[in-house]
Each structure stands twice: as C-alpha cells, then as structure tokens.
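Analysis of the macromolecular model
Spelled out, the chains give:
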Amino acid sequence: MRILIAEDDEALAKFVRQGLEGEHYAVDVFPDGEQARTAANEIEYDVVILDLNLPKLDGVSVLRQLRVKKPSLPVLVLTQRTRVEDRVQCLDTGADDYLPKPFSFSELSARIRALVRRSHLPSESVLTVADLKLDRVEHRVERSGRRIELTTKEFSLLEYLMRNAGRRVTRSMIIEHVWNLTFDTTTNVVDVYINYLRRKVDDGHPSKLIHTVRGVGYELSGASEPQATQASGSEVTE
Amino acid sequence: MSGTGSQRAPHRRNSSLPKGRSPLAHLLHALNQPLTGLQCSLELATAGPRRTEQYIRTLRDALDLTGRMRILVEAIRDLSDGQPMEPEEIEICLLDDLLRDTADGLLPVAATRNILLSVVGNAPLPVRACRARLEGLIFRILDSALSLTLEGTELRVGAEAKHGEVWVVVSWNQGPSPDHSPFSRPELGLLIAQAGWEQLGAEWITTRVENMQTCTIRLPLASFRQTHDPDFGDLK
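Residues numbered from 1 in each chain as written. Chains lettered and ligands numbered in written order. Predicted model: local features only at pLDDT ≥ 70, side-chain atom pairs only at ≥ 80, totals over all residues.

**Focus on the overall build of chain B**
Along the backbone of chain B there are 6 helices and 8 strands. The order of helices and strands in chain B, counted from the N terminus, is β-α-α-β-α-β-β-α-β-β-α-β-β-α. Counting only residues that meet the buried cut, chain B has 33% of its 236 residues in that class. At a minimum sequence separation of 6, the contacts of chain B that also span at least 24 residues come to 81%. (Helix = DSSP H or I, 4+ residues; strand = E, 2+ residues; numbered from the N terminus. Buried ≥ 20, exposed ≤ 12 C-beta atoms within 10 Å, placed from the backbone. Contact = placed C-beta atoms within 7 Å.)

Dropping the structure here:
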C-alpha cells in the first residue's frame, strides 16, 4: 500500500511518515504542489494526503488536476479551516475526506483505513457482516433472520459501521458522517447511541459484532479478533 | 417558558467571559498556560538523563497539555473562521421543529444522567437562516448545556414568538465545574454557540440566579409574507 503525502511543514510530514511507515505503508513525501502533482500522475498510489496550503501549486489546483487523470484515487485533504462551507467546497472539488488541523495520528490513520476500504467497495444496497444484514433501500435490519427495529439515527450509525466493517472508526468520524457535524461534541452522544445499538444488535447473540477500540472509537467486525487490533496493536474491549 | 429570569435579581451579561476583552483575545491568553507547561516540562526532560518512568510521565503530561491546547485552538479557529451567511445560503427554517428534533436526538444522552430534557413553546417559529448552520448551533448549545447540567435535574428549552422575535430560553441547574473551567469543552462550546448565534443576527443574554443558568437567544421572526412568498425561499 503506497501513500503520497503533500505537506510543506517538514516536521509534521516527518511525524506522519514515521507513523504510517510503522503501520507498514510505503510513504513518499513532497514539500510542494508541483512535485506532488507530478509524482501522483506518474506513480500508482493507493491514497493521497494533500495539504491545501502548498508552495508553487496550491492543494486545490493539485486536486482539480488529479481528478481529471485519476478520478478514483482516494484523496484526504488536510486543512486549517473547519467551516461547513470549506468542507463542502473541498468535497465538491473532489476530495474524498477532509481532516482539519490539529489532528491526532490515530484519527489520520483511521481515516486512511476507511478511505482505502471504501475505494475497494462496490456500492451495495444490502450490507452484510456475519449474520447481520442491513438493507439500505428497504431500511430493514435483521440478524440471524430476526428483524431489528432501529430509530433513524441508529440505522445511520449501523450503516456507517457496516460500510467500514473490519476498520476502526473514531468518534469524530462518526459525528461527522452520522450527525453531520464538524465539531466534537461535549456529551458522550456517540457512546450512548453505540450502547443502544449494541443492545439491539448484539444482546442474546454469542458472537458480538460491535467492539470498542479503547482510546480510538469503535469497530464492527464479524471476526472474534477485530482486524484493527492485529494491525495496530490497539486495545480492543467488548 | 422558563421563568428563571423573574426570580431574584439575576446577574445578567452578554457573555460568559469577563468584560473588556474579546473572546478571541481571552482564548489566546488562555493558550499561554498549557503552552508554558509544555515548554517547561520538555525542557526539564531534556536537561539531563532521567529514568524511563520519568520520561513516560513527562510525555503523558505533555500529551494532556497538548489536549488542552487543542481544545483551545479548535475554539479559536471556530471563532475566527466565523463569517456572515451568504444570501444564497439563507432559507426559511422552522426553529421549533429543529429544536425538537435536536432535543429528541439528545434524549438518550440525557437519560443516562437522569436529566429531564424538555422543549416547550408555541409553533411555528419561522426564521431566516442557513439551515445547516442553524442545526449545528442548536446542537452546540443543547449539547454543551447538557454537559453542564447537574445530574438528576432538568434542562429546559423554551421557544416562543414575542413582539416579532423568536425567544429561545435554555435553562439548567449548573453542575460541578468541569476540569479546566472556564476553558472546558462545554464552556467553550457555549462561547462558540454564542458567537454563531450572534452572526445569525441574534442577541444572546446569559443570566444566572444562584445555581440556575439561563441563555436567552432573541432573533427576528420571519414574517408571514416571507414564509409564503417564493422570492423568500421555501419553508423548510
């Protein structure tokens, strides 16, 4: 798995590179937009991490040009701004995800995993993980053939977890994609909804699907040992 | 509506911060504290050889200080990035519906702390705003207020039309001071919410009587003509 990082802050680029190499990615760092654009066009990358404020050629121009030649290449944009309008503009320009600075490495890592996963997934109307099925069109969920009644928010949360099955997702990612908010909440709203979901999805079943990744967030997985644990060594609890 | 404002003489102000300094300046000043702690702890750690446990302790402290700085930086960014709404973003939204939807979504959270979260008031309450921004602001104030509410008490949201304005009154019994008060995440959340509501053209008034905290938000009611005239956008 090869990742391109376009970041002009040398120290930040170094830390991110070290962290990603520690997770067994091959990483190339470019300090300006021109070099990043050239490399992205010539080399087959799996993910591009793009800072918006780059010298020589800004990140938005790199992104626009990249989208013409490589429309399906996953791009994660790093930026200083968090307004809803900035986020929308960024996604409209062709970014697949958006991470404002300051960020934690675990957040970045989780988002890269989700991006890689998404880029390899067809858009299915029925999502299946182990004996759990979610029909996005019929708005129907069942486990082991038994129907589970969910509220709208619980359904959206489960859908998001299932789309990222086998990958840890952070609370920020959940808040952003399920609640459509661009800031961290002060209450434990995500944890409360996860608990509700857990009761409905896992209670009464010997195999638990929703796992807590301590210090990071959650993971839905049919495996007894979630993949995220093996990949990163993070502590996972039921 | 909450009647808290009519008890004893309330302490009334337009912000939860001291007078004479902008919120941004106040937060920048607050940033100095964890930054100084971080600088000193790292200097001490590199001053000479230490035991492994001491390095680990220093790094944990540094991570904690960085967490505090991050919360402040996010708040500073939220305040400084705030911009007036573009005309094309503005539509007519029913504030009472948005308040109820948001409160409903937070009911499970309130239940875990045995807090009664209630929304009372008359409807409909049309206002002109960017819907996404308004939803975010409603979530922000209720989420922050819920975090600050004393367990086992009530968080009350009143919404009504008065003299051509919408009055939203959020009141709660203040719980114990959170860590790093007044720069905790929920307190900063209220501050950012205040700035956001003021950008929508609202007036924000904070009052406190004993332990009862109240935030009153007053913003112009969209007129009947506006809600039914296609030139003013659809009623959402």
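**A closer look at the overall build of chain A**
Secondary structure assignment for chain A yields 9 helices and 13 strands. In summary, chain A has a C-alpha radius of gyration of 19 Å against a globular reference of 18 Å for 238 residues, a match within 12%. C-alpha atoms of chain A, sized along the principal axes, occupy 60 × 35 × 35 Å. In chain A, buried positions account for 36% of the 238 residues. Considering only intrachain contacts with a sequence separation of at least 6, the fraction spanning at least 24 residues in chain A is 53%. (Rg over C-alpha atoms; globule rule 2.2 N^0.38 Å.)

**A word on the sheet that holds strand 7 (residues 132-135) of chain A**
Residues and elements named next belong to chain A. Strands sit in the order 6-7-8-9 across an open sheet of 4 strands; the sheet is antiparallel. The open sheet has two free edges, formed respectively by strand 6 (126-129) and strand 9 (146-148), since each of these has just one partner strand. When strand polarity is set aside, the average angle formed by the axes of neighbouring strands in this sheet is 25°. Pairing between strand 8 (residues 140-143) and strand 9: 3 bridges, direction antiparallel. Pairing of Glu142 across the sheet is with Arg147, part of strand 9. Lying over the sheet, helix 6 (residues 152-163) contacts strand 6, strand 7 and strand 8, oriented at roughly 65° with respect to strand 6. (Pairing = 2+ DSSP bridges. Axes fitted to C-alpha atoms, helices over the stretch in contact; angles between N-to-C directions.)

**Some words on the domain arrangement of chain B**
Under the domain assignment, chain B is made up of domain 1 (3-14 + 88-227) and domain 2 (23-81). Of the residues belonging to the side of domain 1 of chain B that touches domain 2 of chain B, the class tally is 5 nonpolar, 1 polar and 1 charged. (Domains from an automatic or database assignment. Nonpolar A, V, L, I, M, F, W, Y, C, P; charged D, E, K, R; others polar.)

**Topic: the nonpolar core**
Of all hydrophobic cores here, the largest spans 76 residues; its most connected members are B:Val127, B:Ile141 and B:Leu146. Split by domain, the residues of this core number at least three in each of domain 1 (3-14 + 88-227) and domain 2 (23-81) of chain B. Dropping the residues within four chain positions of it, B:Ile141 is found in contact with B:Val170, B:Leu190, B:Ala193 and B:Cys215. Grouped together as the second largest cluster of nonpolar side chains are 30 residues, A:Phe30, A:Leu54, A:Val77 and A:Ala95 included. (Core = buried A, V, L, I, M, F, W, Y, C linked by C-beta atoms within 7 Å.)

**Here we look at the packing of helix 8 (residues 189-201) of chain A against helix 3 (residues 95-112) of chain B**
It is the contact of helix 8 of chain A with helix 3 of chain B, at a shortest axis distance of 9 Å, that shows an interaxial angle of 90°. Taken together, the axis directions place helix 8 of chain A and helix 3 of chain B in an arrangement best described as roughly perpendicular. The segment helix 8 of chain A lies against helix 3 of chain B, with A:Val189, A:Val192, A:Tyr193 and A:Tyr196 engaging B:Leu106, B:Pro108, B:Val109 and B:Thr112. The residue inventory of the contact of helix 8 of chain A with helix 3 of chain B, partitioned by class, reads 7 nonpolar, 1 polar and no charged. (Parallel < 35°, antiparallel > 145°, perpendicular 65-115°, else oblique.)

**Brief notes about the interface of chain A and chain B**
Contacts between the two partners involve 16 residues from chain A and, on the opposite side, 21 residues from chain B. Tallying contributions element by element places helix 8 of chain A first for the side of chain A that touches chain B, with 4 residues. A breakdown of the residues in the side of chain A that touches chain B according to their chemical character gives 8 nonpolar, 5 polar and 3 charged.

**Topic: the pairing of strand 8 of chain A**
All names here are of chain A. Relative to strand 8, strand 7 runs antiparallel, the two sharing 4 bridges. Paired with Leu134 across the bridge in strand 8 is Val141. As consecutive antiparallel partners, strand 8 and strand 9 are separated by 2 residues, and within that stretch Ser144 has a phi angle of approximately 50°, a positive value.

**Considering the environment of B:Cys40**
All names here are of chain B. Relative to the elements of secondary structure, Cys40 occurs in helix 1 (residues 23-46). Residue Cys40 is classed as exposed on the basis of its 11 C-beta neighbours within 10 Å. Sequence spacing of Cys40 and Ala202 is 162 residues, and the spatial spacing of their C-alpha atoms is 43 Å.

**Description of the environment of B:Thr214**
Residues and elements named next belong to chain B. Following the sequence through the fold, Thr214 ends up in strand 8 (residues 212-220). Taking the number of C-beta atoms within 10 Å as the measure of exposure, Thr214 has 22 and is therefore buried. With 178 residues separating them in the primary sequence, Thr214 and Thr36 have C-alpha atoms 35 Å apart.

**What to know about the sheet that holds strand 2 (residues 26-30) of chain A**
All names here are of chain A. Spatial strand order, 2-1-3-4-5: 5 strands in an open sheet with parallel pairing. Of all the strands in the sheet, the pair left with one neighbour each is strand 2 and strand 5 (97-100). On average, adjacent strands in this sheet sit at an angle of 20° to one another, irrespective of strand direction. As defined by bridge partners, strand 1 (residues 2-6) adjoins strand 2 across 5 bridges and the pair is classed as parallel. Among the inter-strand pairings, Ile3 is bridged to a residue of strand 2, identified as Val27.

**So, the confidence of the model for chain A**
Of all residues in chain A, 91% attain a pLDDT of 70 or more, and the chain-wide mean is 86. Within the model, pLDDT remains below 50 along residues 228-238 of chain A, and this stretch shows 24 contacts once partners closer than five positions in the same chain are excluded. (pLDDT = per-residue confidence, 0-100.)

**A short note on unusual backbone geometry**
A:Pro102 follows A:Lys101 through a cis peptide bond whose omega is 5°. Structurally, the position occupied by A:Pro102 is in the loop between strand 5 and helix 5 (105-119). Of note, the bond from B:Ser181 into B:Pro182 is cis; its omega dihedral lies within 30 degrees of zero at 5°. Along the chain, B:Pro182 falls in the loop between strand 6 (165-173) and helix 5 (185-199). Positive phi outside glycine occurs at A:Lys56, with the angle close to 70°. Among the structural elements, A:Lys56 can be located in the loop between strand 3 (47-51) and helix 3 (59-69). The phi dihedral of A:Ser144 falls on the positive side, at around 50°, and the residue is not glycine. Residue position: A:Ser144 is located in the loop between strand 8 and strand 9.

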